[in-house]
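Residues per chain are reported as follows:
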Amino acid sequence: MSGTHAHTVAYVRETMLPEQDPPLTEAGAIKWMRENLFSGWLNNILTILSIFVIYSVLSHIVPWFYNSIWNAGSLSECREIRDATIGSDASSACFAVISDRWQQLLFGFYASEAYWRPVLALVLFLVAMGPILFESVPRKLLWYTAASPFILFWLLWGGSIWGPIAVAAGFAVGWGAFVGVSLFAGTLLAVIAAILVPILYWMFLAGPIAGGLHSIIPIGITFIESDDFGGFMLSFIIGISGIILSLPLGILLALGRQSDMFIINKVSVAFIEVIRGVPLIVWLFTASLLLNYFLPPGTNFDLMLRVIIMVTLFSAAYIAEVVRGGLAALPKGQYEAADALGLDYWKSMRLIVLPQALKISIPGIVNTFIGLFKDTTLVVFIGLLDPIGLSGAIRASTDWNGIYWELFVFIGLLFFVCCFSMGQYSIFLERKLRREHR
Amino acid sequence: MKKTLFLGALTVAGFASAASAATLDDVKARGNLNCGVTTGLTGFAAPDANGVWEGFDVGVCRAVAAAVFGDPTAVEFTPTTGQTRFTALASGEIDMLARNTTWTFSRDVDLKFEFTGINYYDGQGFMVPRGLGVSSAKDLDGATVCIQTGTTTELNLADFFRANNISYEPVPIETNAEAQQQYLAGACDVYTTDASGLAATRATFENPGDHVVLPEIISKEPLGPLVRHGDHEWGDIVRWSLNALIAAEELGVTSANIDELAKGTNNPEINRLLGTEGNLGEMLGLSADWALNAIKAGGNYGELFEKNIGENTPIGLARGLNAQWKDGGLLYSPPFR
């Protein structure tokens, strides 16, 4: 073979070429950059422009963070330290304000020897949320979840342990009334009794019972007034209470709006439209200012409780509309199928309709929750000292007057952590519940 | 608590008009004074790192609490904003308001409050960068002015410029904090607000020497504590607690020598003030040593001033109008007789 070729062609390669890397411009980072960043003259200009913008932003922020000062007693001390160590024209963050006042930003005026209580309450709260948020957690924990509101209330506000127990007993009383009445009367009467009896119990019996038990067996921790609550703890309590209370209320409102019963339907529609049509700040002013005129002077209607109620109602109206969207997205056949199975209204809702409708509504619901959580900072306008309010109060001390960004960076970080976790959980839930396209 | 709240809701109509006639009895029954302050104003009211409120207005609250209970810490401070302060007082949520509030006709008459005195004579001033080379507010023709919206300062400013026939361009801002940033960033040539606020703001700048407060004061801003109309006994207690602080400075009674003087002096007015002579405390419905306690709470007026906003603090305000009448100021307490 080689003989024949030797006459016709000058050179024949007899071994394989070793494998080579692709040319530099066609591989790796360079290829990626050529394709994505520098693929034409317009893109080149835009890329360079963007890099310049990013650089000029970072060149201000990075030294500011890098030079930050964490140990100082006041802003002027911060500036002295900076002048001594870095030079007077360098930009430098004075995070000393955070190390000086972080307790206040987190807990407000809560007694410092009792800081363990909100921290423990947070841990207990997260444990209580476990069985609701994740399937893998043992179901028996749900009993603890049901008890946790009373435990958390007692931990945060303190006082006699018998107060929350006496209030919790009201639910047992209601259940007892339901069972007792249903023995000799209809279900409707039993339901009415189950609602009325506990209310009467709470109004007239719970207080004396708690007082009596406390005088016999005094167990309790120091009572801390709502006025002392502040900082991120306040935002968290208002936000979480609002979130937890508004979901069931919102679902009921959504069902009410779809109901065929005239009064329930109209009341739900009116409630949703009125609450939703007025800005939250107006409701907060109503809670803090207007209610005062109607209540007798000296009435201890806690401002924080009023705010929680208003925030809950406000968010419930939004949740109702989000859930209604989910209900509307469900094919009519699902409702008819539930009816065909002979399920009553509540069963068909609980077993067929709501699981599907709520799944569709998850992103909207979580969106509303995140919005609600951030809206809690509006309470600053009615004089509650949430983190934003406290940043103003901290700035009003002569030590820290003139400090802005450090406080806002810290507060922003706290809120971001919470809201981002909520968003991530919503994505997790959506993935877990995905039924199509498997 | 749940119970009171429920009953409260039920008895809405019944009690709404009875805006508690005897505040003193309520305060005594409660065991502490509810005092409305700002949510934070340098030198006048701000919580320290331990959450204890401090400041010049706070000092007035503490003096009243000390006069009633003998204990300056028997105060519950309620932070109020510009919007919530008057409702909080009118509704009985607070017993008195000490929140650098300007005494005006309409607030006194129309809003049905009673100003019980003046604890700080303020006035609106201007601050400009030294580099601008302005020495009088009348040279500010055509300047951009940072001004808080919705306050009396806004109206005063318009009046002043119109009266002097010069023009200005307003830069509306919401809060003092925002104003500082805008002014430092050069968004406006001039910042105008109460002179005490200007001094406090200037003290926080990196180079306070680069900024000057112009000599013109263009408005009267008498700031004082106030109570509800209709309860004169309570109003008297607040009024005379403040007067006791002012009179104490005039008579040379300080927190340092008060215990010595309380044993009795040759000056009958000091004796009446401190309760060793006469029965002034009884007339107010308080103990004989009410003024003694009020003065001991934070010192006399001059001591309070020096400690919170005086020349040795970063704010560095001179006494000016707030000096005793003998020293050319406006402080003049009626006699304790």
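What counts as what
Residues numbered from 1 in each chain as written. Chains lettered and ligands numbered in written order. Predicted model: local features only at pLDDT ≥ 70, side-chain atom pairs only at ≥ 80, totals over all residues. Heavy atoms only, no water. Helix = DSSP H or I, 4+ residues; strand = E, 2+ residues; numbered from the N terminus. Rg over C-alpha atoms; globule rule 2.2 N^0.38 Å. Contact = heavy atoms within 4.5 Å. Buried < 20%, exposed > 50% of the residue type's maximum accessible area, 1.4 Å probe, protein only. Lys, Arg positive; Asp, Glu negative; His and termini not counted. Charge placed at Lys NZ, Arg CZ, Asp CG, Glu CD. Arc of directions from axis to C-beta. Domains from an automatic or database assignment. Buried area = accessible area lost by both parts, 1.4 Å probe. Core = buried A, V, L, I, M, F, W, Y, C linked by side-chain atoms within 4.5 Å. Axes fitted to C-alpha atoms, helices over the stretch in contact; angles between N-to-C directions. Parallel < 35°, antiparallel > 145°, perpendicular 65-115°, else oblique. Left-handed = near helix turned anticlockwise from the far one by under 90°. Nonpolar A, V, L, I, M, F, W, Y, C, P; charged D, E, K, R; others polar. Salt bridge = Lys/Arg side-chain N within 4 Å of Asp/Glu carboxyl O. Disulfide = S-S within 2.5 Å. Expected span 1.5 Å × (residues − 1). Pairing = 2+ DSSP bridges.

Assigned secondary structure in chain A consists of 17 helices and 2 strands. The C-alpha radius of gyration of chain A comes to 31 Å, more than 25% above the 22 Å expected for a compact globule of 438 residues. Referenced to the eigenvectors of the C-alpha coordinate spread, the extents of chain A come out at roughly 115 × 75 × 45 Å. Counting only contacts in chain A whose residues sit at least 6 apart along the sequence, the fraction spanning at least 24 positions is 72%.

Within chain B one finds 15 helices and 13 strands. Relative to the globule expectation of 20 Å for 337 residues, the C-alpha radius of gyration of chain B, 21 Å, shows essentially globular dimensions. Taken across its 337 residues, chain B has 53% of its residues classed as buried. Taking as baseline every contact in chain B between residues at least 6 positions apart, the subset at least 24 positions apart corresponds to 70%. Within chain B, the 41 negative side-chain charges are centred at a point lying 5 Å from the centre of the 23 positive side-chain charges.

To continue, consider helix α4 (residues 75-85) of chain A. All names here are of chain A. For α4, the set of buried residues is Leu-75, Cys-78, Arg-79 and Arg-82. Projection of α4 onto a plane perpendicular to its axis shows the buried side chains occupying an angular sector of 95 degrees, all on one side. Seen from the open side of α4, the exposed residues pointing more than 90 degrees away from its buried face are Glu-80, Ala-84 and Thr-85. Among the structural elements, α5 (96-107) are those in contact with the buried residues of α4. Of the residues one or two after α4, Gly-87 is the one with positive phi, at around 120 degrees.

Here the focus is the domain arrangement of chain B. All names here are of chain B. Here chain B is partitioned into domain 1 (22-121 + 222-327) and domain 2 (124-219). Just the C-alpha atoms count here: the centres of domain 1 and domain 2 sit 31 Å apart. Each partner contributes residues to the interface: domain 1 has 6 residues there, and domain 2 has 5 residues. Between domain 1 and domain 2 lies a buried interface of about 500 Å² when both sides are counted; carbon and sulfur atoms form 69% of it.

Moving on: the domain arrangement of chain A. Partitioning chain A into domains gives domain 1 (1-57), domain 2 (103-110 + 225-433) and domain 3 (160-221). The C-alpha-based centres of domain 1 of chain A and domain 3 of chain A are spaced at 80 Å.

In this section: the nonpolar core. Of all hydrophobic cores here, the largest spans 146 residues; its most connected members are Phe-229 and Val-307 of chain A together with Leu-33, Met-96, Trp-234, Leu-274 and Trp-290 of chain B. Per element, the largest residue contribution to this core is 13 residues, and it comes from helix α13 (residues 303-329) of chain A. For Trp-234 of chain B, the residues in contact, after removing those within four places along its chain, are Thr-23, Leu-24, Val-27, Leu-33, Val-64, Val-68, Asp-95 and Val-227 of chain B. Grouped together as the second largest cluster of nonpolar side chains are 16 residues, Val-134, Ala-137, Val-145 and Val-212 of chain B included.

Residue and element names in this part refer to chain A. Where helix α14 (residues 332-340) meets helix α15 (residues 345-375), the closest approach of the two axes is 10 Å, and the angle between their N-to-C directions is 165 degrees. What the angle tells us is that α14 and α15 run roughly antiparallel. Of the two elements, α14 crosses α15, and the hand of that crossing is right-handed. The residues of α15 that touch α14, namely those facing Gln-334, Tyr-335 and Ala-338, are Ser-348, Met-349, Ile-352, Val-353 and Gln-356. Of the residues that constitute the contact of α14 with α15, the class distribution is 5 nonpolar, 3 polar and no charged.

Counted under the stated rule, the structure contains 19 salt bridges over all chains. In this structure, Arg-239 of chain B and Asp-236 of chain B form a salt bridge, with 3.0 Å as the shortest nitrogen-oxygen distance. In this pair, Arg-239 of chain B and Asp-236 of chain B both sit in helix α10 (residues 232-251), 3 residues apart, roughly one turn of the helix. We note a salt bridge from Arg-319 of chain B to Glu-249 of chain B, for which the minimum N-O separation is 2.9 Å. You can see Arg-319 of chain B sitting in the segment after α15 (301-308) and its partner Glu-249 of chain B sitting in helix α10, a full 70 residues away along the chain. Classification of Arg-319 of chain B as buried rests on a relative accessible area of 17%. On the basis of relative accessible area, Glu-249 of chain B is assigned to the partly exposed category, the value being 23%. Residues participating in the shared-partner salt-bridge network are Arg-257, Glu-273, Arg-276, Glu-321 and Arg-324 of chain A.

Turning next to the state of the cysteines. All names here are of chain A. Inspection of every chain in the model, using the stated rule, returns 3 disulfides over all chains. One disulfide in the model links Cys-78 with Cys-94; its S-S distance is 1.9 Å. Between Cys-78 and Cys-94 the disulfide shows an S-S torsion of about 90 degrees. By sign, it is right-handed. Of this pair, Cys-78 sits in helix α4 while Cys-94 is found in the loop between α4 and α5, placing the two residues 16 residues apart along the sequence.

The next subject is helix α8 (residues 162-184) of chain A. Residue and element names in this part refer to chain A. Here α8 is 23 residues long and its end C-alpha atoms lie 33 Å apart, about the 33 Å a rise of 1.5 Å per residue gives. If you check which residues of α8 are buried, you get Trp-162, Pro-164, Ala-166, Gly-170, Gly-174, Ala-177 and Val-181. Packing partners of the buried residues in α8 comprise α7 (141-157), β1 (159-160) and α9 (187-216).

All names here are of chain B. Assignment of secondary structure puts Thr-116 in the loop between β6 (113-115) and β7 (120-122). Judged by its relative accessible area of 2%, Thr-116 is buried. Filtering out sequence-adjacent residues up to four positions away, Thr-116 remains in contact with Pro-225, Leu-226, Val-227, Gly-235, Val-238, Arg-239 and Leu-242.

The subject of this paragraph is the sheet that holds strand β10 (residues 168-173) of chain B. Residue and element names in this part refer to chain B. With mixed pairing, 5 strands are arranged side by side in an open sheet as β10-β9-β11-β8-β12. The sheet is open, and its two borders are formed by β10 and β12 (211-213), each paired with just one other strand. Pairwise comparison of adjacent strand axes, ignoring direction, gives a mean angle of 30 degrees for this sheet. When strand β8 (residues 124-129) meets strand β11 (residues 190-194), the two strands line up antiparallel, connected through 4 bridges. Paired with Gly-125 across the two strands is Thr-193, which belongs to β11. The sheet strands contacting helix α9 (residues 195-203) are β8, β11 and β12, and the helix crosses β11 at an angle near 125 degrees.

Residue and element names in this part refer to chain B. The phi dihedral of Lys-112 is positive, around 60 degrees, even though this residue is not glycine. By secondary structure assignment, the location of Lys-112 is in the loop between α6 (105-109) and β6. The exposure class of Lys-112 is exposed, given its relative accessible area of 52%. Its identity as a non-glycine residue notwithstanding, Asn-165 has a phi of 60 degrees, on the positive side. Within the secondary structure, Asn-165 is located in the loop between α7 (152-163) and β10. A relative accessible area of 70% means that Asn-165 is categorised as exposed.

Moving on, we come to the packing of α8 of chain A against α9 of chain A. Residues and elements named next belong to chain A. Between α8 and α9, whose axes approach to 7 Å, the crossing angle comes to 150 degrees. Our classification of the angle between α8 and α9 gives roughly antiparallel. Considering the relative orientation of α8 and α9, their crossing is right-handed. The class makeup of the residues in the contact of α8 with α9 is 21 nonpolar, 6 polar and no charged.

Okay, the side chain of Glu-216 of chain B next. Following the sequence through the fold, Glu-216 of chain B ends up in the loop between β12 and β13 (221-228). Those residues in contact with Glu-216 of chain B that lie beyond four places of it in its chain are Gln-124, Gly-125, Phe-126, Ser-136, Ala-137 and Lys-138 of chain B.

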